[in-house]
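Residue-level listing of the chains:
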Amino acid sequence: MYNQTQDPKHGYSRRRLMQTMAMGAAALTVPGAFAELLQTPRLGEGPFYPDKLPLDTDNDLIRIGDDTTPAIGQITHLTGKILDGRGEPVRNALVEIWQCDANGAYLHSRSSNADTRDSHFQGYGRFLTSSTGSYYFRTIKPVAYPGRTPHIHFKITRSDQHLLTTQMLVKGEQRNERDGLYRRIREEDRRAALLAEFTPVEGSKIDEMDARWDVVLGWTPEDEDHTDDS
């Protein structure tokens, strides 16, 4: 059984989570603030959900265990909230993410370029949402994978009930318009619900990025299981 403390293990994680909670607090207190929320579309899990989970499965994908060597890539602080169809926060939801490393290799035995995989990148992480539905990950800005635009996979469960599997894409990425999965969703507003804006962290000396992406549960464009989509 998965057991995780609500507090991230690093000080910067705690600060980032508190910032996320503060940003969403005002909206949660405004009556009807979420009346017109657009629900996040479903996108396939793909073939590269780790076939063997790493020993370290926390929310910091940049460092593995006590290894002091960070992963290659542009460090990104990824925050957001998990909300239900009425806009209420979903607490104690397990948020799992996985993505390829800076070389385009997944943490999976069938990844086509596994021999180039960055051994310092965790590749997978999970986080249990707070009472405000907030989550936080430290990872890298996603890069393109052969045939796909840059993306991060998300799977959300609660009390062993699967709620949503989807993918987050980078807002403004030109390759989005050529991406087969993205183009399957024809409505522009629903496409936009998959996009997260990446902005530079003010004062960072190592070009870190901030990205915020809220997930709204409930609506899916199709119930197809695109298990071959990466």
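Values in this document were obtained by computation on a predicted structure and should not be read as measured data. (Residues numbered from 1 in each chain as written. Predicted model: local features only at pLDDT ≥ 70, side-chain atom pairs only at ≥ 80, totals over all residues. Heavy atoms only, no water.)

S.K.: Which parts of the structure should I look at to understand the overall build of the protein?
M.R.: Counting its secondary structure elements, the protein contains three helices and nine strands. Helices (α) and strands (β) of the protein occur, in sequence order from the N terminus, as α-β-β-β-β-β-β-α-α-β-β-β. Burial statistics for the protein: of 230 residues in total, 51% are counted as buried. Counting only carbon and sulfur atoms, one obtains 47% of the accessible surface of the protein, whose full area is about 11,600 Å². (Helix = DSSP H or I, 4+ residues; strand = E, 2+ residues; numbered from the N terminus. Buried < 20%, exposed > 50% of the residue type's maximum accessible area, 1.4 Å probe, protein only. Areas by Shrake-Rupley, 256 points an atom, 1.4 Å probe, with all protein chains shown as cover.)

S.K.: I tried to follow the packing of aromatic side chains on my own but got confused; where do I start?
M.R.: Between two aromatic rings, the relevant description is the distance of the centres plus the angle of the planes. One pass over the full model with this rule turns up nine aromatic pairs. Aromatic side chains Y49 and Y124 sit 6.0 Å apart centroid to centroid with 80° between the ring planes, which places their arrangement in the edge-to-face category. Here Y49 is found in the loop between α1 (11–28) and β1 (75–83), whereas its partner Y124 is found in strand β3 (residues 124–128), with 75 residues between them in sequence. We classify Y124 as buried; its relative accessible area is 0%. (Phe/Tyr/Trp six-rings, centres within 6.5 Å; stacked < 30°, edge-to-face > 60°.)

S.K.: Looking at this model, I keep getting lost on the nonpolar core. Mind explaining?
M.R.: Where a protein is soluble and globular, its nonpolar side chains tend to be buried together. Of all hydrophobic cores here, the largest spans 35 residues; its most connected members are L78, I82, Y135, F137, F154, M168 and W213. Listing elements by their share of this core, those giving two or more residues are β1, β2 (94–98), β4 (134–140), β5 (151–158), β6 (161–170), α2 (180–184), β7 (195–200) and β8 (209–212). The leading source of residues in this core is β6, at four residues. Counting seven residues, the second largest nonpolar core, distinct from the first, contains F48, W98, C100 and Y145. (Core = buried A, V, L, I, M, F, W, Y, C linked by side-chain atoms within 4.5 Å.)

S.K.: Looking at this structure, how should I read the environment of I62?
M.R.: Relative to the assigned elements, I62 resides in the loop between α1 and β1. When the C-alpha positions of I62 and G123 are compared, they lie 8.7 Å apart, and in sequence the two are 61 residues distant. Non-local contacts of I62, meaning those with residues more than four positions away in its chain, are made with T69, P70, A71, I75, H120, R138, T139 and I140. (Contact = heavy atoms within 4.5 Å.)

S.K.: Just checking my understanding: could you explain unusual backbone geometry for this structure?
M.R.: With the exception of glycine, the majority of residues adopt a negative phi angle, and the majority of peptide bonds are in the trans configuration. Here S159, not a glycine, exhibits a phi torsion of approximately 50°, which is positive. Here S159 lies in the loop between β5 and β6. For S159, a relative accessible area of 71% translates into the label exposed. With a phi close to 60°, D207 is a non-glycine residue in the positive phi region. One can find D207 in the loop between β7 and β8.

S.K.: What should I look at first to understand the environment of S130 in this one?
M.R.: Along the chain, S130 falls in the loop between β3 and β4. A sequence separation of 39 residues divides S130 from R91, and the C-alpha atoms of the two residues are 5.4 Å apart. One polar contact links S130 to T132, side chain to side chain, over a distance of 3.0 Å. (Polar contact = N/O pair within 3.5 Å; in protein donor to acceptor, adjacent residues only side chain to side chain.)

S.K.: Got a minute to help me understand the pattern of salt bridges in this structure?
M.R.: A pair can form between side chains of opposite charge whenever their charged atoms are brought close. Inspection of the entire model under this criterion finds nine salt bridges. The partner of E188 in a salt bridge is R191, with the nearest N and O atoms 3.8 Å apart. In this pair, E188 and R191 both sit in helix α3 (residues 188–192), three residues apart, roughly one turn of the helix. Among the residues examined, E188 registers a relative accessible area of 54% and is labelled exposed. The exposure class of R191 is buried, given its relative accessible area of 9%. (Salt bridge = Lys/Arg side-chain N within 4 Å of Asp/Glu carboxyl O.)

S.K.: Any chance you could explain the environment of I140 here in plain terms?
M.R.: Assignment of secondary structure puts I140 in strand β4. Classification of I140 by relative accessible area gives buried; the value is 0%. A sequence separation of 65 residues divides I140 from I75, and the C-alpha atoms of the two residues are 4.5 Å apart. In this structure I140 touches I62, I72, G73, Q74, T76, Q99, C100, D101, A102, F121 and I152, once residues within four positions along its chain are discounted.

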